[in-house]
Amino acid sequence: MNTDHEIYYLPDSLEDINEQFNKELTMQIAGKLPKGHIYKLGRPCKILLSTGFPDLPIELSSTRLEEKSKQNTHPFKIEEVKDLVLALNDPIAVFVYGDRYKSQNVIVKLKKDEKNFVVGIFFNQIIHGNQISSVRGLFNKYNAEWLNWITQGKALYLNKQKIQTLIDQQRTNLADVAYLDLNLVESLIKTFANPL
């Protein structure tokens, strides 16, 4: 079976792109993915476009994924980012990271140790002559830490229902979030106007 053809085939539908990503992820875990492979994650959804994402392909280097999975502060297993394509297209929240027109942090439903993954995406990168958006950051983060970004005015998009569920969960363990005023976060979410 010639897997090279399968790797570089870019399907059309979101489900197909996700399935292809998961196949390639399995190959990387098994050590069968070509060195330097680039994952194709599709184009940004309407939500991401509304926050300022350029309408460019989103890519992730397999080398960067390997590096991020082994970092000392937020290690994770590569299989824990299965379905990343679908998760990016249904974000929990999107936040400014520096200049909102250069990069943004996307909070997705994927989790490790009850901490959601943050996907840091940098825009308008030129790779092999092609302009893309590149995943540069990928790690799990305490929910209280990124919920605090709401109080810092960094939110660009909030899935209010999903975030309210997280806040309700945080309230059961207030010792973990002593520095975070959950009432303030809730009131900011209620008045926050999503771009869509």
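Residues numbered from 1 in each chain as written. Predicted model: local features only at pLDDT ≥ 70, side-chain atom pairs only at ≥ 80, totals over all residues. Heavy atoms only, no water.

**Student:** I'm lost on the packing of aromatic side chains in this one. Help?
**Tutor:** Aromatic ring pairs are defined here through the distance separating the ring centres and the angle between the ring planes. Using the criterion set out here, one finds 6 aromatic pairs in the structure. Centre to centre, the rings of phenylalanine 95 and tryptophan 149 are 5.2 Å apart; their planes meet at 80°, and the pair counts as edge-to-face. On the criterion of sequence distance, the pair formed by phenylalanine 95 in strand E3 (residues 93-96) and tryptophan 149 in helix H6 (residues 143-151) is long-range, its members being 54 residues apart. Seen in terms of ring centroids, tyrosine 97 and phenylalanine 122 are 6.0 Å apart; in terms of plane orientation they differ by 75°. Their pairing is edge-to-face. Here the residue tyrosine 97 occupies a position in the loop between E3 and strand E4 (103-112), and phenylalanine 122 occupies one in strand E5 (residues 115-127), the gap between them amounting to 25 residues. By relative accessible area, tyrosine 97 is classed as partly exposed at 43%. Ring pairs connect the aromatic residues Phe95, Trp146 and Trp149, which therefore count as one cluster. (Phe/Tyr/Trp six-rings, centres within 6.5 Å; stacked < 30°, edge-to-face > 60°. Helix = DSSP H or I, 4+ residues; strand = E, 2+ residues; numbered from the N terminus. Buried < 20%, exposed > 50% of the residue type's maximum accessible area, 1.4 Å probe, protein only.)

**Student:** Before we go on, may I ask you to explain the pattern of salt bridges in this structure?
**Tutor:** It is possible for side chains of opposite charge to pair when their charged atoms get near one another. This model, assessed by the stated rule, comprises 8 salt bridges. A salt bridge links glutamate 19 to lysine 23; the nearest nitrogen and oxygen atoms lie 4.0 Å apart. Taken together, the residues span about one helical turn, with glutamate 19 and lysine 23 both in helix H2 (residues 14-29) at a distance of 4 residues. What makes glutamate 19 partly exposed here is its relative accessible area of 45%. Lysine 162 is paired through a salt bridge with aspartate 90; the nearest N and O atoms lie 2.9 Å apart. Highlighted residues: lysine 162 in helix H7 (residues 160-171) and aspartate 90 in the loop between helix H5 (84-88) and E3, separated in sequence by 72 residues. Lysine 162 sits in the partly exposed class, given a relative accessible area of 27%. (Salt bridge = Lys/Arg side-chain N within 4 Å of Asp/Glu carboxyl O.)

**Student:** Please explain the packing of H6 against H7 as it appears in this structure.
**Tutor:** Helix-helix packing is described using two parameters, namely the angle between the two axes and the distance between the axes. Relative orientation of the contacting elements H6 and H7 amounts to 125°, with a least axis distance of 11 Å. What the angle tells us is that H6 and H7 run oblique. Considering how the two elements wind past one another, H6 and H7 form a crossing that is left-handed. In this structure, H6 uses Asn143, Ala144, Trp146, Leu147 and Ile150 to contact H7, whose residues at the interface are Ile163, Leu166, Ile167 and Gln170. Residues that form the contact of H6 with H7 fall into these classes: 7 nonpolar, 2 polar and no charged. (Axes fitted to C-alpha atoms, helices over the stretch in contact; angles between N-to-C directions. Parallel < 35°, antiparallel > 145°, perpendicular 65-115°, else oblique. Left-handed = near helix turned anticlockwise from the far one by under 90°. Contact = heavy atoms within 4.5 Å. Nonpolar A, V, L, I, M, F, W, Y, C, P; charged D, E, K, R; others polar.)

**Student:** Any chance you could explain helix H8 (residues 182-191) here in plain terms?
**Tutor:** Along an α-helix, residues three or four positions apart point the same way, because every turn accommodates 3.6 residues. Listed as buried for H8 are Leu182, Val185, Glu186 and Ile189. Burial along H8 is one-sided: seen end-on, the buried residues are contained in an arc of 100°. Set apart from the buried face of H8 by more than 90 degrees, the exposed residues are Asn183 and Thr191. Buried residues belonging to H8 abut H6, strand E7 (155-158) and H7. Of the residues that open H8, the one with a side-chain oxygen 3.1 Å from the backbone nitrogen of asparagine 183 is aspartate 181. (Arc of directions from axis to C-beta. Polar contact = N/O pair within 3.5 Å; in protein donor to acceptor, adjacent residues only side chain to side chain.)

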